[in-house]
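Structural description and commentary
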Amino acid sequence: MPRRGDHQHDFAPIYELEAPVDRIGIRSVRAPDRTGIPREVTFSPHEFRCAALAGELADEWVDYAEISRISGASAGACRQAIRNFCKKVDFLLAEDAREASLAKQHPDIAAVLAEWERALPADYRAGSTTPSTLAAMVRALIARRAQHDQRPVAPHLRRLVDGEVGVAAGSTQEVDEFSRKDKRAVVRAAWAWANQLDSRLSDGWVSAAQGRHPAEHGWTDVANLLWGLAHRQVSPLDIRDNLPVIHRWPPELRACIERPDRPVFPARAKGMLVRWLVRRLYPGHLDLHAYRVLLVAATGHAPEEVTALTGEDVEFLPSGVRLTLTKQRAQKVRHRTFGTETVPETTVREPVDFTDRPHREVGAIIRRLMHVTEQLRLRAPDEGRLFLAASVTAGYELRIARWDYNLPRSRFVNWLAAADVTVDGAPDIRRLRKSTKVEKAIAFGGRIADTANDHHEEVFRGHYAQGTTLRVMSGQVIATAQDHWFAKALEGPTVLTTSTDVLDAPDQAQTLGLSPRQAEDIRRGALDMGLTQCADPHNSPYGRSGELCPVAPLRCLECRNAWVLPSDLPQLLLFADHLDRLRLRLSPQHFGELWGQSHTNLNAVLSERTDEEKALARMHIDAGQATLHLPLAANVEFDS
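Structure report, in brief. A quick note: this is a predicted structure, and the numbers were derived from the prediction, not measured.

Criteria and thresholds
What you see as residue numbers is a count from 1 along each chain, following the sequence as written. Selection of residues for local features in this predicted model requires a pLDDT of at least 70, selection of side-chain atom pairs for listing and counting requires 80 or more, and totals for whole chains, interfaces and linings are taken over all residues. Side-chain metrics rest on all non-hydrogen atoms present in the structure, leaving aside hydrogens and water. Under the scheme used here, helices are H or I runs from DSSP no shorter than 4 residues and strands are E runs no shorter than 2 residues, and both carry numbers assigned from the N terminus. A helix is expected to reach a length of 1.5 Å times the quantity of its residues less one. We call a residue buried when its accessible area falls under 20% of the maximum for its residue type, exposed when it is over 50%, and partly exposed in between, using a 1.4 Å probe and counting protein chains only. Pairs of residues are marked as contacts when any of their non-hydrogen atoms sit within 4.5 Å. Two N or O atoms form a polar contact when they lie within 3.5 Å of each other; inside protein one atom must be a possible hydrogen donor and the other a possible acceptor, and for residues adjacent in sequence the pair counts only when both atoms belong to side chains. To pair, rings of Phe, Tyr and Trp, with the six-membered ring standing in for Trp, must have centres within 6.5 Å; the planes then decide the type, stacked if under 30 degrees apart, edge-to-face if over 60, and tilted in the middle. Remark: a charge is flagged as sitting over a ring if the NZ atom of Lys or the CZ atom of Arg is within 6 Å of the ring centre and within 35 degrees of the ring normal. Think of it this way: DSSP has to see at least two bridges between two strands before they count as a pair. Exposure above 30% relative accessible area and the lack of any salt bridge qualify a residue for a patch; like charges then connect within 9 Å, and the nonpolar side chains Val, Leu, Ile, Met, Phe, Trp and Tyr within 5 Å. Where accessible areas are quoted, they stem from the Shrake-Rupley method and a 1.4 Å probe; at the residue level, only the protein chains shown are allowed to cover. One speaks of a salt bridge when a side-chain nitrogen belonging to Lys or Arg is within 4 Å of a carboxyl oxygen belonging to Asp or Glu. Counted as positive: Lys and Arg. Counted as negative: Asp and Glu. His and the chain ends are not counted at all. For this purpose, a charge sits on NZ of Lys, CZ of Arg, CG of Asp or CD of Glu.

The subject of this paragraph is helix H23 (residues 569–585). Between its first and last C-alpha, H23 extends 25 Å over 17 residues, near the 24 Å set by a 1.5 Å rise per residue. Taken residue by residue, H23 has Leu569, Pro570, Gln571, Leu572, Leu573, Leu574, Phe575, Ala576, His578, Leu579 and Leu582 as its buried positions. Buried residues in H23 make contact with strand E11 (562–564), helix H24 (588–607) and helix H25 (611–622).

As structure tokens, this is what we get:
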């Protein structure tokens, strides 16, 4: 008979289907769990008073799974939806639930379905997507049944399921990447854990080599117990049955499980010792979090890809390691080569000790993982995975299985607590993957096409491009661009309002970026461009280097090469009069586009001169001693 386990949270795709066994009323679907292990997901309509209704839904579930065989279908989710709905039917209809059927109008299944959908979100966190998923699955099974002539469905129920699902879709909240500090702490903790695991297993096997059969040489010697487990001469159950009570244990044996922060209860002492012995020989489910962290950080690939590696997926090369990585969600198989550090052939390279500090050489991590799980793979040759873990069941059975990262007290959050690592935000391994993607985005200069090399670019935009680091980078890019254009907008001439004495001192002129020859030419007016002086008229930002400035004097007040001397005030006043006349001829928008920056800079220069200086400059203008020569283009404006 198939196992009847309660896998309410198994959302794995369908793997293999078994025909329903009608005589015992059990519908069974074979599906892999989160670790990829095929596992039976069973459902018995006789669990409910509404057995007929449950059987109808279960038949549709099994039939749909058999025909579709698509990776998106989820046997566990369908089972959970049916169970949840049937419990509601039993609760609302009480004894009438025995008569419930999709084909009958009484009792009213449509009303129960509507009430179930209304109350369903209350059982989950706010915004969860699970309620809408479960409701949609039940509706889909009923709608599918209604499409067959031989499977009647009540008309009012059919009208209800043909409408919109009455449960809000919910939303998922994207997790942010680890900060660099947190990521560094997690990776360092993973290396420390891996080193401690190696030492623990090495000491355990050394002790096991020194032991003998416990039935002949004693059941209270640690080495004998380890020898029996290592050589498969005794089982955990044998150890439990032959161990005396804890009060008769020698101090060496009691020290294995005694801790100053927790008491040891006699009823649990044997179980604690058996699990301690197994952990001395084989890695447990909590231990392998460290290697997943190291491989995700080193390869940049998703956790599901690295934990699904088998011996056939690993090929060691002289220059590194070649991995075959399978991503089930994207249905992609990729081959990646990860090299080692290259050094010249003439260089004598010392052996690298990977226990002194964190390294990210993929080949070294894979070798260490294979060494850690070697004994497990020898005991379970059919399990090709590199991520194998040992555990002791409640019945004292040694179980070797593919690693399950979601076991109670062996989750990622438990590993962080055991490793004494505190991170800001959610303790989610996906954040480490996002940190790697963000680092790649930084390395490639934010080019999505290069960063999203293992999924679609839209996936990167939706799941990775919203991280804190990339938002900060975007803000820095925007701020840098703004600073550039603000600096360019504010970039203008150097104004000397009182005297030109600063040009006479070579040290001061050099501080201002002028050579002694340029300072002398500006002081004596040899570089007069008609409106201002120019430090380098043959190196204008508005023209080609080596050619005379093509925009002087119209753009001199916007140029960094311009120098305004006190003697230039009459020309500046004449240019101000010219701009005032242009303002009367042009629209404000057109004037701002053509002369706005020059007008602003000119007003700033004139505001620093006193009224007496301006009046004196006007007297020179009226006497004909100051004139302004402008090109023809300054008096003809072409309005596009």
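Resuming the write-up.
The next point concerns helix H8 (residues 222–230). Counting buried positions along H8 yields 9 of 9 residues, so the element is predominantly enclosed. Against the buried residues of H8 lie helix H6 (180–209), helix H7 (214–217), helix H9 (236–242), helix H10 (251–254), helix H11 (266–281) and helix H15 (374–379). A distance of 2.9 Å separates the backbone nitrogen of Ala223 from a side-chain oxygen at the start of H8, and that oxygen is part of Asp221. Directly beyond the C-terminal end of H8, a positive phi value near 60° is found at Arg232.

So, on to the packing of aromatic side chains. According to the stated counting rule, one finds 7 aromatic pairs in the structure shown. Measuring from centroid to centroid gives 5.6 Å for Phe387 and Trp403, while their planes differ by 35°, and the two rings are tilted. Here the residue Phe387 occupies a position in the loop between H15 and strand E7 (388–392), and Trp403 occupies one in the loop between strand E8 (398–402) and helix H16 (412–418), the gap between them amounting to 16 residues. Residue class for Phe387 comes out buried when judged on its relative accessible area of 1%. Seen from their ring centres, Trp403 and Tyr405 are 6.2 Å apart, and the 55° between their planes marks the pair as tilted. Exposure remark for Trp403: the relative accessible area of 5% places this residue in the buried category. With relative accessibility at 31%, the residue Tyr405 sits in the partly exposed group. Through a chain of ring-to-ring contacts, the aromatic side chains of Trp193, Phe412 and Trp415 assemble into a single cluster. The side chain of Arg292 reaches across the aromatic face of Tyr405, ending 5.2 Å from its centre. It is Arg555 that lies over the ring of Trp595; its NZ or CZ is 4.7 Å from the centre.

To continue, consider the pairing of E8. With 4 of 5 residues buried, E8 is to be regarded as a mostly interior element. With 5 bridges joining them, E7 and E8 adopt antiparallel strand pairing. Of the residues in E8, the one forming a bridge with Val392 is Leu398. Linkage of E7 to E8, two consecutive antiparallel strands, is achieved through a turn of 5 residues, within which Tyr396 is found at a positive phi near 60°.

Right, let's get into a positive patch on the surface. Together, Arg259, Arg262, Arg268, Arg275, Arg279 and Arg409 make up a region of like positive charge exposed at the surface. By secondary structure assignment, the location of Arg268 is in helix H11. With a relative accessible area of 53%, Arg268 lands in the exposed category.

Strand order in the open sheet formed by 3 strands is E9-E11-E10, with mixed pairing between adjacent strands. Each end of this open sheet is capped by a strand with a single partner; those strands are strand E9 (494–495) and strand E10 (533–534). Alignment of E10 against E11, held across 2 bridges, turns out to be antiparallel. Of the residues in E11, the one forming a bridge with Cys534 is Ala562.

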